[in-house]
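# Examining the three-dimensional arrangement
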Amino acid sequence: MKAFHLVALLAYCLPFVKGAKWPAPEIDEPEALLYERGHQVIPERASLVLGLADECTQGFNKRSNAAEIIRLAYHDSATYDIEKGTGGLDASIRFPEERERPENVGAGMSIALRVMSGVANKYVSHADVIAVGLVTAVQGCGGPIIPYRSGRVDAPAPGPSGVPEPFEDLATHTASFKRQGFNQEEMIGLVACGHTLGGVRDNDFPDHVPKTDTGNGQSNIVTFDSTPAFDNAVVTEYLDGTTQNPLIAHPNTTMLSDLRIFSSDQNATMTKLADPQVFDATCRDLLERMINTVPNGVKLSEVIEPIPVKVGDTLLSVDDKSLVFRTSLRLLKANPNRLVTLHWVNRNGTEEVSTALPYNQTDVKTRITARLGLSPVRYWFSVPLETSSISKFWFTVDESDGSGPQVYDNDKEGYNIVQDSIIFSPQLSRKLANGFELVVAARNDVLPSRVSGEVTNYETGSFVDETTPIDFALAEDIPAVAGYSFYKTTVKINSLSLSFDVTSVVGDKTITQEFLRTYYVDPNIVS
């Protein structure tokens, strides 16, 4: 249900609530990925998300996405050199030249990358996605919630070799972990934390794991412990002699790297890790340090916490009838009696305030927010603007508990729509069999001499982003609407993980609208 009416400017007399400044996509994007597993742009359709990263259930061959993501993260970060300040978690593992080295043996690397394919964007690097993947995998399988920081920079080329291999001796392993910034006790802890999930495949080590006919051509996996959860069974089963870990219990002593590492201090560290609380605290610390190893000059953000009051994807667009404004508001606690109202001021200079109620609300709880005791709810708004474009907007929230409405208004500045000269029209854009026809609209009083931009695909088969320049031509087949004329271009990239920037040149002035995404276009309507 939609409701629109005019109210007096007295709404400003309500108490204001201070919040984070908007827009801040460099924080909003990683926060959405971590706590919502991606963006949901309308209630009925979500963007590509980390939907399988926390899948730790062992299938018919005991494979789990979570285990493979954790292994991917370590093998990527193991290039770190603490003395030189190079390497670390920089997504260099996405390059085939690095993945195909013997130290990175196994199909699991590419499987993990495919699970996370299409998740990166302009404000979340592939390295950030790998780090979020590890955080999601660990907590989703019952392990500790690892603090996450964003801001990693993707490597432009493969990193150096140096990932420890099972046949290497203890001195080599110790030296490798020292180069990565971990001492002997930390090496033992990190290996135990990394090997609480997963195992060894027969395809990767056929002389060490017996080939078994699984009946469907899949590889046989011998797991490191007997449980599919992120727990300390890998430790306790080692200490009590019941372990099935193929890197501990096997006639071929050359490959017993876990045995050499775990026993290197006469089991002192493993005995400590037999306490589940010590194990969780140790893994939380070591895995956080591991994903935070970045090259010199890369500065990570503060720890990404859930944003208490968060404005979602906001888009001023135009369809075949009028301007349309849509946005959403997410609050961290559910309240069935809550009343949320959108307020906005038109760009025509009047002091009248328009309001609308949400047309829908959705539960956006995930495993991690549930573990934090949160029950996030998103309120959705979509309003036609029949007389004028929008200048700024804000929200009031009445919890119906007698405390009265609270105003959320970007720290009294309002959530400002910076420009409406060039805007995206996903309603008139179309999904093609081999790509998209993208339509943008330019205001008639500032018609451009050129409309151009560039589109970036984050879902390539090579896991390396591809950026392509684009030019828009006047769409003479689309009638002008609400004082706007339309321009269109065809993008022959068949991916829903595209974003594009569009630039309008008007005289000596350049106007740019950034980070527009094709997942606004309905993928079910294909031309």
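Above this text is the structure in question.
Residues numbered from 1 in each chain as written. Predicted model: local features only at pLDDT ≥ 70, side-chain atom pairs only at ≥ 80, totals over all residues. Heavy atoms only, no water.

### Observations concerning the overall build of the protein
Check the secondary structure of the protein and you find 12 helices and 24 strands. In terms of overall dimensions, the protein is globule-like: its C-alpha atoms have a radius of gyration of 26 Å, near the 24 Å expected for 527 residues. Seen through its C-alpha atoms, the protein measures out along the principal axes to roughly 80 × 55 × 50 Å. Each of the 527 residues in the protein was classed as buried or not, and the buried ones make up 55%. Restricting to contacts in the protein with at least 6 residues of sequence separation, those with at least 24 account for 69%. Of the roughly 22,300 Å² of accessible surface on the protein, 52% is carried by carbon and sulfur atoms. Of the charged side chains in the protein, 46 are positive and 67 negative, and the gap between their average positions amounts to 2 Å. (Helix = DSSP H or I, 4+ residues; strand = E, 2+ residues; numbered from the N terminus. Rg over C-alpha atoms; globule rule 2.2 N^0.38 Å. Buried < 20%, exposed > 50% of the residue type's maximum accessible area, 1.4 Å probe, protein only. Contact = heavy atoms within 4.5 Å. Areas by Shrake-Rupley, 256 points an atom, 1.4 Å probe, with all protein chains shown as cover. Lys, Arg positive; Asp, Glu negative; His and termini not counted. Charge placed at Lys NZ, Arg CZ, Asp CG, Glu CD.)

### Details of the packing of helix α6 (residues 170-180) against helix α7 (residues 184-194)
Across the interface, α6 lies against α7 with an axial gap of 10 Å and an inter-helix angle of 95°. It follows from the interaxial angle that α6 and α7 lie roughly perpendicular. Side by side, α6 and α7 meet where L170, H173, T174 and F177 of the first sit next to M187, L190 and V191 of the second. (Axes fitted to C-alpha atoms, helices over the stretch in contact; angles between N-to-C directions. Parallel < 35°, antiparallel > 145°, perpendicular 65-115°, else oblique.)

### Side note on the state of the cysteines
Enumeration over the complete set of coordinates arrives at one disulfide. The disulfide partner of C193 is C283, and the gap between their sulfur atoms is 2.0 Å. In this structure the cystine formed by C193 and C283 twists about its S-S bond by roughly -90°; its chirality is therefore left-handed. Here the residue C193 occupies a position in helix α7, and C283 occupies one in helix α11 (residues 276-291), the gap between them amounting to 90 residues. Given the relative accessible area of 0%, C283 is considered buried. (Disulfide = S-S within 2.5 Å.)

### Overview of the nonpolar core
In terms of nonpolar packing, the biggest core is built from 69 residues, with L134, F230, F262, L287 and M290 touching the most fellow members. Sorting elements by how many residues they give to this core places helix α5 (residues 126-140) first, with nine residues. In this structure M290 touches A73, Y74, S77, L134, F182 and L190, once residues within four positions along its chain are discounted. Formed by 37 residues, the second largest nonpolar core is a distinct cluster that contains L331, V340, V439 and A475. (Core = buried A, V, L, I, M, F, W, Y, C linked by side-chain atoms within 4.5 Å.)

### Thoughts on the pairing of strand β19 (residues 435-443)
When you tally the buried positions in β19, you get eight out of nine residues, the bulk of the element. Judged from the three bridges that link them, strand β17 (residues 422-424) and β19 form a sheet pairing that is antiparallel. Each residue of the ladder has a partner; that of F424, found in β19, is V440. Judged from the three bridges that link them, strand β18 (residues 430-432) and β19 form a sheet pairing that is antiparallel. Looking at the pairing, L432 lines up with G435 of β19. Where β18 folds back on β19, the antiparallel hairpin that results is connected by two residues. (Pairing = 2+ DSSP bridges.)

### Remarks on the pattern of salt bridges
The full count for this structure, using the stated rule, is 22 salt bridges. Note that E31 is salt-bridged to K310, the shortest N-O span being 2.5 Å. You can see E31 sitting in helix α1 (residues 25-36) and its partner K310 sitting in strand β7 (residues 309-311), a full 279 residues away along the chain. Assessed through its relative accessible area of 0%, E31 is described here as buried. Linking D313 and R517 is a salt bridge whose minimum nitrogen-to-oxygen distance equals 3.3 Å. Of this pair, D313 sits in the loop between β7 and β8 (315-318) while R517 sits in strand β24 (residues 509-517), and the two are 204 residues apart along the sequence. We note that D313, like R517, is buried. Three or more residues joined by partner-sharing salt bridges are found here, namely E31, E36, K310, R330 and R378. (Salt bridge = Lys/Arg side-chain N within 4 Å of Asp/Glu carboxyl O.)

### Considering the pairing of strand β21 (residues 466-474)
Of the strand pairs in this sheet, strand β20 (residues 450-457) and β21 are connected by seven bridges, and their pairing is antiparallel. In the sheet register, E454 faces β21, and the bridge partner there is P469. Two strands pair when backbone bridges link them, and β21 and strand β22 (residues 484-491) are joined in this way by two bridges, in the antiparallel orientation. Each residue of the ladder has a partner; that of L474, found in β22, is Y487.

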